[in-house]
Amino acid sequence: MNDDAMDLTEARYELVISVDARRSGEYDDVDKPRMRARIYRVLEAAFTHAKVARDAVHMEDRGDGVLLAVAGRIAVTRLLGLWLVEVHENLRDENRALRVPLGLRIGMHVGPVRHDARGISGRAVDLACRLADSPVARRLLDAEKADLVLVASNSLYEDVVSGGGKFIEAARYAPARLELKEGEVTAWFHLPGRPAPEIPAEPRSSAGDPSTAGDPSTAGDPSTAGNPSTAGDPSTASGPSSTGGARSAPDTSTGTDGRADGDEAEDDDEVEAEDDRTAGRRPEARYTVHGDMSQHHDNVYQQPVHIGRITDGARSRKERGE
């Protein structure tokens, strides 16, 4: 087996770096090439200042970012330390002349990487890209109004970052759980030049049940509250209708117990008022009707009719004999 064949089948243990631009979709066709040129200037200058040989770095263009793999002979601490500091400083220099600053999200992970004629692949590559593209990284960059956010994998943090080094301070990293396609993982977030960030909470579209939030029909009795079809309906109102009239008067024909239905209506009203007080509801006015209301013409009754108004307070005094 020749050397080229071995290179295609054997994985190399390398540091994978995924670099994404913030809101790259908002750049038009004129500004996007300029944005891409700035990213390459920032990264290549950082490699030069960190004294990382160009032949030790595999670089792939990703349209709105860059995918990198650094050979294992380069110390990871140099990339996490000096190289990251240089990237941040170079990015700040580029942004001084920009009305809308360029923001970068960088994902890092160390693992097996396979190289072929078209680029690199492997789970380490996938994870680094997922970290840089995570919603938490996006929210953190915006919430902190930062130029750069680094997202390190949990294994990279435990194996390298936690041990410290030149320009590496583990106390400035904050952990968060991420839901990725491969499952849930822990990642560590760092904003160069700043203390450990506060991880922003996931935004919620609405409080409580999104299917009912903001719906007036869920307040009180869901069967009637907020429903315009019940507004002013005498069957659902506890007092006079919206037109100022009394509730529908019952039939005044004599009942089986010899009392007029008007007397029964009065008793019913008193029972309802008592129920209102028992349930803690606000007392309402009640109306009583005496007489025959079945015969009338244009609301002019043919027999003597008396309509009286009784409130809970008045009825209580009546019961006390006042």
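Presented here is a report on the structure given in the accompanying data block. (Residues numbered from 1 in each chain as written. Predicted model: local features only at pLDDT ≥ 70, side-chain atom pairs only at ≥ 80, totals over all residues. Heavy atoms only, no water.)

**Some remarks on the environment of Glu202**
Where we set the bar: To qualify as a helix, a DSSP run of H or I must reach at least 4 residues; to qualify as a strand, a run of E must reach at least 2; elements of each kind are numbered from the N terminus. Buried residues are those whose accessible area, probed at 1.4 Å on protein chains only, stays under 20% of the maximum for their type, while exposed residues exceed 50% and partly exposed ones sit between those limits.
Topologically, Glu202 is positioned in the loop between strand S8 (183-190) and helix H7 (261-279). What makes Glu202 exposed here is its relative accessible area of 62%. As a C-alpha pair, Glu202 and Pro135 span 67 residues in sequence and 8.6 Å in three-dimensional space.

**Here we look at helix H2 (residues 31-49)**
Three- or four-residue spacings in an α-helix give side chains the same orientation, since the helix completes a turn every 3.6 residues. Just so we agree on the cut-off: The length a helix should cover is 1.5 Å for every residue beyond the first.
Relative to the 27 Å expected for 19 residues at 1.5 Å per residue, H2 spans 27 Å between its end C-alpha atoms, a close match to the ideal helical length. Within H2, the full set of buried residues consists of Met35, Arg38, Ile39, Tyr40, Val42, Leu43, Ala46 and Phe47. Once H2 ends, the next one or two residues include Lys51, with phi positive near 60°.

**As for the side chain of Asn90**
Stated formally: Contacts: residue pairs with any heavy atoms within 4.5 Å of one another.
Mapped onto the elements, Asn90 comes out in helix H3 (residues 76-95). Since its relative accessible area comes to 13%, Asn90 is described here as buried. In this structure Asn90 touches Val42, Ala45 and Ala46, once residues within four positions along its chain are discounted.

**Concerning the nonpolar core**
How we decide: The definition of a nonpolar core used throughout is a set of buried Ala, Val, Leu, Ile, Met, Phe, Trp, Tyr and Cys residues joined through side-chain atoms within 4.5 Å.
Counting 42 residues, the largest nonpolar core has Ile17, Leu68, Trp83 and Ile106 as the members making the most contacts within it. Within the residue set of this core, elements represented by two or more residues are strand S1 (12-21), H2, strand S2 (57-61), strand S3 (65-70), H3, strand S4 (104-116), strand S6 (148-153) and helix H6 (154-159). Broken down by element, the residue count for this core peaks at seven residues, all from H2. Those residues in contact with Ile106 that sit more than four places away from it in its chain are Ile17, Ser18, Val19, Trp83, Leu84, Val87, Ala132, Leu148, Val149, Leu150 and Val151. Grouped together as the second largest cluster of nonpolar side chains are 15 residues, Val136, Leu180, Ala187 and Phe189 included.

**Looking at helix H5 (residues 135-143)**
For the record, the criterion: Within this analysis, the arc is defined by the directions that extend from the helix axis to the C-beta atoms.
Of the positions making up H5, those classed as buried are Val136, Ala137, Leu140 and Leu141. When H5 is viewed along its axis, its buried side chains cluster within an angular range of 130° and face the same direction. Close packing links the buried residues of H5 with S4, helix H4 (123-132), S6, strand S7 (173-180) and S8. Remark: Lys145 follows H5 within two positions and exhibits a positive phi of approximately 50°.

**Digging into the pattern of salt bridges**
Pairing between side chains of opposite charge can happen when their charged atoms approach one another. Defined as follows: The term salt bridge refers to a side-chain nitrogen of Lys or Arg lying within 4 Å of a carboxyl oxygen of Asp or Glu.
Tallying each qualifying case throughout the model produces 16 salt bridges. Salt-bridge contacts for Arg23 lead to Asp142; the nearest nitrogen and oxygen are separated by 2.9 Å. Taken as a pair, Arg23 in the loop between S1 and H2 and Asp142 in helix H5 lie far apart in primary sequence, 119 residues in all. In this structure, the salt-bridge partner of Asp133 is Arg105, at a minimum N-O distance of 3.5 Å.

**Some details on the packing of aromatic side chains**
Put simply, the test is: Side-chain rings of Phe, Tyr and Trp, where Trp is taken by its six-membered ring, are said to pair if the distance between their centres is within 6.5 Å; with planes under 30 degrees apart they count as stacked, over 60 as edge-to-face, and otherwise as tilted.
The full count for this structure, using the stated rule, is three aromatic pairs. Plain terms: the ring middles of Phe47 and Trp83 are 5.3 Å apart, the flat faces sit at 35° to each other, and that makes the pair tilted. Of the two residues, Phe47 sits in helix H2 while Trp83 sits in helix H3, which places them 36 residues apart along the sequence. Of the two residues, Phe47 and Trp83, neither departs from the other in class, the shared state being buried. Ring geometry for Tyr157 versus Trp188: centroids 3.6 Å apart, planes at 5°, classification stacked. Separated by 31 residues along the polypeptide, Tyr157 in helix H6 and Trp188 in strand S8 bring together distant segments of the chain. No difference in accessibility class separates Tyr157 from Trp188, as the two residues are buried.

**Focus: the pairing of S4**
For the record, the criterion: For two strands to be treated as a pair, DSSP must find at least two bridges joining them.
Counting buried residues in S4 gives 10 out of 13 residues, a clear majority hidden from the surface. The sheet contact formed by S4 and S6 spans five bridges and is parallel. Counterpart to Ile106 in the pairing with S6 is Leu150. Pairing of S4 with strand S5 (residues 119-121), which is carried by three bridges, proceeds in the antiparallel orientation.

**Some details on the packing of H2 against H3**
Our working rule: Only the contacting stretch of a helix is used when fitting its axis, a line to C-alpha atoms as for every element, and angles between N-to-C directions run 0 to 180 degrees. Note that the term roughly parallel is reserved for angles under 35 degrees, roughly antiparallel for angles over 145, roughly perpendicular for angles of 65 to 115, and oblique for everything else. Note on convention: near helix rotated counterclockwise from far helix by under a right angle means a left-handed crossing. Clockwise means right-handed. In the scheme used here, Gly and all other residues not listed as nonpolar or charged are polar, with Ala, Val, Leu, Ile, Met, Phe, Trp, Tyr, Cys and Pro taken as nonpolar and Asp, Glu, Lys and Arg as charged.
Two numbers describe how H2 lies on H3: the axes approach to 8 Å, and their chain directions differ by 140°. Considering the angle they form, H2 stands oblique to H3. Taken as a pair, H2 and H3 cross one another with a handedness that is right-handed. Contacts between H2 and H3 involve Arg38, Arg41, Val42, Leu43, Ala45, Ala46, Phe47 and His49 on the former and, on the latter, Leu79, Leu82, Trp83, Glu86, Val87, Asn90, Leu91 and Glu94. Broken down by class, the residue content of the contact of H2 with H3 amounts to 10 nonpolar, two polar and four charged.

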